[in-house]
Structures are given as C-alpha cells and as structure tokens.
Amino acid sequence: MSERQDLAGRHIVLGLSGGVACYKAAELTRELVKAGATVQVVMTEAAEAFITPVTLQALSGRPVYTSQWDARPDNNMAHINLSREADAILIAPASADFIARLVQGRADELLSLLCLARPIERVPLLVAPAMNREMWAHPATQRNVAQLRADGATVLGPAAGDQACGEVGDGRMLEPAELRDELIAFFQPKLLAGRRLLITAGPTFEAIDPVRGITNHSSGKMGFAIARAAQEAGADVTLVAGPVHLPTPRHVRRIDVQSAQQMHDAVLPLAARHEVFVATAAVADWRPAQMNAHKIKKDGKKVAPAFELTENPDILAAVAALPQAPYCVGFAAESEHLLQHAREKLLRKKVPLIVGNLGPATFGRDDNTLVLVDADGHRELPTADKLSLARALVCELAERLKTSAK
Ligand code: C5P
C-alpha cells in the first residue's frame, strides 16, 4: 500500500530562525513533502549561519525566501503573498530571540513580518522552540511563551535531553517525524474533543513457565492506530497494551501488561472514568492453571507435559456490565463466518458495537477491512491502511456518542 498523504493539499510556510536545530529542518522539510504538503521555506539571517538555502530549496523544490526586500514577487510584497497562501506557518526551530520578536510584534525582517501580517483567524501559527535549557527556563522566555500561547499560537515541545552545548535538559527541538505528526494531528477535526477513551491493544502472554507462554499473532497496530486517531481528534486516551513492539502514539497514556489477568486488573478500575472503551486486544481465552516456577525440562522418555487450562476473565463483558459502563466497542477477529460471529458477540457481551475483521488476513499488516455490526445491521469500512480506518471509526464513535445517553 502506498504511503498515506496526510498533508496532501496543505501548503506550509516553514520558518527557520537561528539555532543548531536548523539541521533538523532539512529532514523536516523532507518529511512534510513526503506527507504530501507543499513547503515554502523562509529563513532569517541567523538561520543562514547554520544551514544554507541551497539545501532547503533542493528539498522543498521551491526557492527559499530570506528578505523582505526580495524583488521576485510582482507586487514586491513577499510578506503578504507568503502569509496568505499558507494553510499554516510552522517556525522550526524557533529561537528564544525569535519568540521574543513574535511576542513584541516586530516586523523588521521577513519571517516575523509575515507572521504579523498573516490573517490570524485563518492561518494558524505553530512554533517549535529550540534553545539551551537555561534560556528556555529563563523567566523572560517563559513569560514570552505564555504570551505567545495567549496570542493564539500552538507551541510544540520542546523535548528534554542532550543539548548541542553539552548540557542536558528541556529545550531540544522535537524530532522531524514528531513535528510532522504534530502538524498532521493539528489538521484533524476535533471530533472527540474532551472525551476520555480507554483502549486495549495487542496480544496477551500467558506464562507456562519462566521462558514459555501462550500468545497470538496480534501486532497491536489496529489498537495503536485507534489510540492515535482518537488523540488526534482531541480525546484524552489511555492505552493498555499487551507485549508489542510499537512506539506509543504522541500524548497517549500507555500502561504495559503481559497477561489477560493483568490487562483486566489495569482496565477495570479505570473503565468507569472513561466515556468509551474500545477492546481491540486479542486476549487469550485460556491460561495455564499453574505457572511452573522453573523451565519444564524434557524427561528423556518422550512424554509431552500436560497442562490444565483455566478460562481468563472476559474484560469487555466485565466493563460492559459495570453500573457506570462506558460506551463499549468490541472487536471480532475471525477466520470465517465473520458477520455471524460478530453478531453473536454483540449479544453475548451486551455491547452496542462490534467491529469485525478477518484475523489471519490482518494480523501484523498495515491495512485492514472492517465491518461495523450493531443491533440495526452492518456496514463495511473498505480496505485501507489502519490509521485511515481508525479515523473512520473515530468519526463513527463521535456520531454515536452524540446520540447515546452516555
Ligand atoms: O471473546 P471473544 O474473543 O470472542 O471476543 C473478542 C472481543 O472481546 C475483543 O474485543 C476482545 O478485546 C474482547 N475480549 C476481552 N477479554 C477476553 C476476551 C476477549 O476483552 N478475555
């Protein structure tokens, strides 16, 4: 499947002010272009001390603007043209000095001039600070950042960590991929603003002995995509994840567990505080009745060990049965008779919505096909990558929450 173009049709003015993090702006330009955006780079004089316009022109495919006296525009008004064409202006890196300039409404060089000249209701300003930790922590910078926010700008980061100066602390610019994802999230409609979602994802691992266990092929990708899509839509998201190798979506609270019992014990106390519970985890139905304290060894007589299995708690059914139950969404990963099994789960677990998918066809893959099954019937969400499907599911949930009593 080709890469999703989450920024297709978006025109981004990427402004660079002076700082070592300018080297990351080259990669950021590439990431934005790869995500489908057109990128117009504007640099301050200080930024040109760190990276040349040649690199950024090559990566963006457009001549870079560096001066308000640039005579190329017919009307000789680069600040007006650039700011009106933009769907968003992203300043990355934003130095302490440049932030101070924005707060003061300065307009004596092109980048701050075009930020001031932008139609403030239509062209959002996003700012990714990058500076030494003492500069970031200074009351003057903190005061300026608070004012910048009050003036309507969105501040992205900064992150903590190693700094070019050798010190460690707050002030690192977010990584290019993080800034790209922040921008993608910024443009998503806030359909779940203020809603609280609890999501389970991944397989569980039921230990047989200290080195072996029972698990399944669930990769967690669908659940993680739903967590990301819900967060992008403005929700407050808690993700309870079985053992998976996936990065945590930005701004999502993650709780890692191994077994079904641990997942149950993590979810149940949290459930009533959430408005929606989405159970995407492929929870093992059974676990060994006892875990052996030591590795089970071959006995030399070729007799296989026998285990007794005991049933795991059904997390989804337990949440749905709570007096203050959230709106519950179950998943059905089946290998055949999907609709029939999904409908049967709807009744057995007493939930309003089951999302069906064919397990073997989707485990570990980046795309999927879903079918939504409720008391009224069913509707297919055609094959797409998992994040696109997750966004479609988020739209569906937003509609259902409007009409649900919960
Ligand atoms: O019980 P079954 O596997 O048929 O149903 C699948 C749905 O129930 C999924 O949403 C899964 O996350 C949830 N489930 C659960 N706890 C279990 C088994 C399944 O929450 N023990």
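Residues numbered from 1 in each chain as written. Predicted model: local features only at pLDDT ≥ 70, side-chain atom pairs only at ≥ 80, totals over all residues. Heavy atoms only, no water.

Asker: How do you make sense of the site of the ligand when you look at a structure like this?
Answerer: Taken together, Ala-279, Ala-281, Val-283, Pro-313, Asp-314, Ile-315, Leu-316, Gly-330, Phe-331, Lys-345, Arg-348 and Lys-349 make up the full set of residues near the ligand. One nitrogen or oxygen atom from the main chain of Ile-315 is found 3.0 Å from a nitrogen atom belonging to the ligand. At 2.6 Å, a side-chain N or O of Lys-349 approaches an oxygen atom of the ligand. For the ligand, the accessible surface in isolation is 450 Å², of which the surrounding protein chains cover 88%. With respect to the pocket detection grid, the ligand is positioned in the second largest pocket. Listed by contribution, the elements that provide at least two residues to the shell around the ligand are helix H12 (315-320), strand E16 (327-334) and helix H13 (338-349). (Near = heavy atom within 4 Å. Polar contact = N/O pair within 3.5 Å; in protein donor to acceptor, adjacent residues only side chain to side chain. Areas by Shrake-Rupley, 256 points an atom, 1.4 Å probe, with all protein chains shown as cover. 1 Å grid on protein atoms, 1.4 Å probe; cavity = no way out; pocket = protein on both sides within 12 Å on 5 of 7 lines; lining within 4 Å. Sits in = over half its atoms within 2 Å of the grid points. Helix = DSSP H or I, 4+ residues; strand = E, 2+ residues; numbered from the N terminus.)

Asker: Is there a simple way to explain the environment of Ala-241 in this structure?
Answerer: Looking at where Ala-241 falls in the secondary structure, it is placed in strand E11 (residues 236-241). Ala-241 sits in the buried class, given a relative accessible area of 0%. (Buried < 20%, exposed > 50% of the residue type's maximum accessible area, 1.4 Å probe, protein only.)

Asker: Can you help me understand the pairing of E16 in this one?
Answerer: Within a regular beta strand, the side chains point alternately toward one face of the sheet and then the other, so they alternate between its two faces. Within E16, seven of the eight residues are buried, which leaves it mostly tucked inside the rest of the structure. Where strand E13 (residues 276-279) meets E16, four bridges bridge the pair, whose relative direction is parallel. Each residue of the ladder has a partner; that of Ala-279, found in E16, is Gly-330. In the sheet, E16 pairs with strand E17 (residues 353-358) via six bridges, with the strands oriented parallel. If you follow Ala-333 over to E17, its bridge partner there is Asn-357. In terms of handedness, the path from E16 via H13 over to E17 forms a crossover that is right-handed. (Pairing = 2+ DSSP bridges. Right-handed = clockwise from strand over helix to strand, strands pointing away.)

Asker: What am I meant to see in unusual backbone geometry here?
Answerer: Across the chain, the bulk of peptide bonds are trans and the bulk of non-glycine residues have phi less than zero. Cis geometry marks the peptide bond from Ala-92 to Pro-93, where omega comes out at 5°. Inspection of the secondary structure puts Pro-93 in strand E3 (residues 88-94). Residue Gly-157 is joined to Pro-158 through a cis peptide bond whose omega torsion reads 0°. Inspection of the secondary structure assignment puts Pro-158 in the loop between strand E5 (154-155) and strand E6 (159-162). A positive phi is found at His-337, a non-glycine position, where the angle reads about 45°. Unusually for a residue other than glycine, Lys-350 sits at a positive phi of about 55°.

Shape descriptors only; they carry no functional weight alone.
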